[in-house]
Amino acid sequence: MKTKFGMALIVLSSIFLIACDPEESPKSDEQVSLKASVNQSITTLADAVKAISTSPEFVLLGSIAPDPNQDAPFKAAELTNDSLLILLSDISGVYEYSWKRVKKGGILRFFDRTGDNEQLIIRMPVEKVKNYHWLFIYRPKDSTLTNNFEATVSDYYRSRHFEKGVEYRIASVLSVDNNSLGSVSIAKTRNKVNGFNALSVYQLASGYTITNQENSGDTAVAVFAITKNDKVLFEERITSAKVVNQPRPRERVYSLTIGDVRIVRTAGPNSMDSANVYLAGVLQANAKVEVIT
């Protein structure tokens, strides 16, 4: 998340000067409208980035990082030729983190199953979420911690097959002390027929949505977007399509959307000169793009 947010911040640290032909005077209504939309869209995006980066959910989840001074937590080895299928019904129920189990030195079981539920509900101390490398290690103060972080998983599917590939899917809502942290959904597939597909969507409690999409294939797409109430505040999209009988095996098209303004260019030595600028979906024929850092 931090890396992708850097892309949005880079946009804000540069000036996108979108103007008509310098010889055109006075400025047309089209130019004034375009410039006003750019300025307003950048202001709205800056406010969104600030709101997201200072939100409780981003502060919590953005701070999760491994401790370089600690060994990696135990992880069972996965054999390349084995098969696996786990459904939500296989793991459903209510699970509470148990410091007593950790203290006894259990290898795999760190939670008590405390109830039945069609969903998977996991409760654990938020301190263990922030410092997940301590999840498998008992410390004296753990006995004073409360299971105040909750993840309610409404969709879960994981399969692995040597021939059919792998598929992973999860959807969950998160909260701390009964205060919403929003929801997250992840879907990934990889197989010999369709290649790689991945989509992750994080909806913050404040209404902002962060989307990251990547896939392979004849037409590969990579997208990072920030939206609110179905309004696109920022989107960076790269499309790479196979072409035949051309010097380059793929044609790459890059688009950047900030509010109602969208810039589209094809990769190449003079791609910025040939960039097209759209305002609310309408091509601005006399507009050009200059990037001034």
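For the structure itself, look to the data block above.
The residue numbers shown here count from 1 along each chain, following its written sequence. Since the coordinates come from a predicted model, pLDDT governs what is reported: local features require at least 70, and pairs of side-chain atoms require 80 or more to be given and counted, while whole-chain, interface and lining totals use all residues. Values reported for side chains reflect all heavy atoms of the structure, with hydrogen atoms and water molecules removed beforehand.

Engineer: Help me get a handle on the pairing of strand E13 (residues 250-258), residues and values and all.
Structural biologist: Relative to E13, strand E12 (residues 231-242) runs antiparallel, the two being bridged by eight bridges. Counterpart to Ser240 in the pairing with E13 is Arg252. Strands are treated as partners if at least two bridges between them are detected by DSSP. In DSSP terms, a helix is any run of H or I states spanning at least four residues, a strand is any run of E spanning at least two, and both are numbered starting from the N terminus. Counting the residues that bridge the hairpin from E13 to strand E14 (residues 261-266) gives two residues, and of these Gly259 lies at a positive phi of roughly 65°.

Engineer: Would you mind going over unusual backbone geometry in detail, with residue names and values included?
Structural biologist: Most peptide bonds are trans, and most residues other than glycine sit at a negative phi. Of note, Asn178 is a non-glycine position whose phi angle comes to about 65°, a positive value. By the secondary structure assignment, Asn178 is in the loop between strand E7 (165-176) and strand E8 (179-191). Relative accessibility thresholds used throughout: buried, under 20% of the residue-type maximum; exposed, over 50%; partly exposed, between the two (1.4 Å probe, protein chains only). Asn178 sits in the exposed class, given a relative accessible area of 76%. Although it is not a glycine, Asp230 adopts a positive phi angle of roughly 65°. For Asp230, the position within the fold is in the loop between strand E11 (219-228) and E12.

Engineer: Give me the lowdown on the environment of Asp260, citing residues and values where you can.
Structural biologist: Structurally, Asp260 is set in the loop between E13 and E14. Since its relative accessible area comes to 37%, Asp260 is described here as partly exposed. As a C-alpha pair, Asp260 and Gln40 span 220 residues in sequence and 9.5 Å in three-dimensional space. Any two residues whose heavy atoms approach within 4.5 Å at even a single point are treated as in contact. Contacts of Asp260, omitting those with residues within four sequence positions, involve Ser37, Ser41, Lys231, Tyr278, Leu279 and Ala280.

Engineer: I'd like a rundown of the packing of aromatic side chains, residues and numbers included.
Structural biologist: Each Phe, Tyr or Trp ring, with Trp reduced to its six-membered ring, pairs with another whose centre is within 6.5 Å; inter-plane angles below 30 degrees give stacked pairs, above 60 give edge-to-face pairs, and intermediate values give tilted ones. With the rule as written, the count across this model stands at five aromatic pairs. Geometrically, the ring pair formed by Phe110 and Phe136 is edge-to-face, given 5.0 Å between the ring centres and 70° between the ring planes. Linking Phe110 in the loop between helix H5 (99-104) and strand E4 (111-115) with Phe136 in the loop between helix H6 (126-130) and strand E6 (149-161), this pair joins segments that are 26 residues apart in sequence. Geometry around Trp134 places Arg139 over its ring, the cationic atom sitting 4.3 Å from the centre. Across the ring face of Tyr208, the terminal group of Lys228 is positioned such that the distance to the ring centre comes to 4.5 Å. Geometrically, a charge over a ring is one whose NZ (Lys) or CZ (Arg) sits within 6 Å of the ring centre while staying within 35 degrees of the ring normal.

Functional significance is not addressed by these values, which are geometric in nature.
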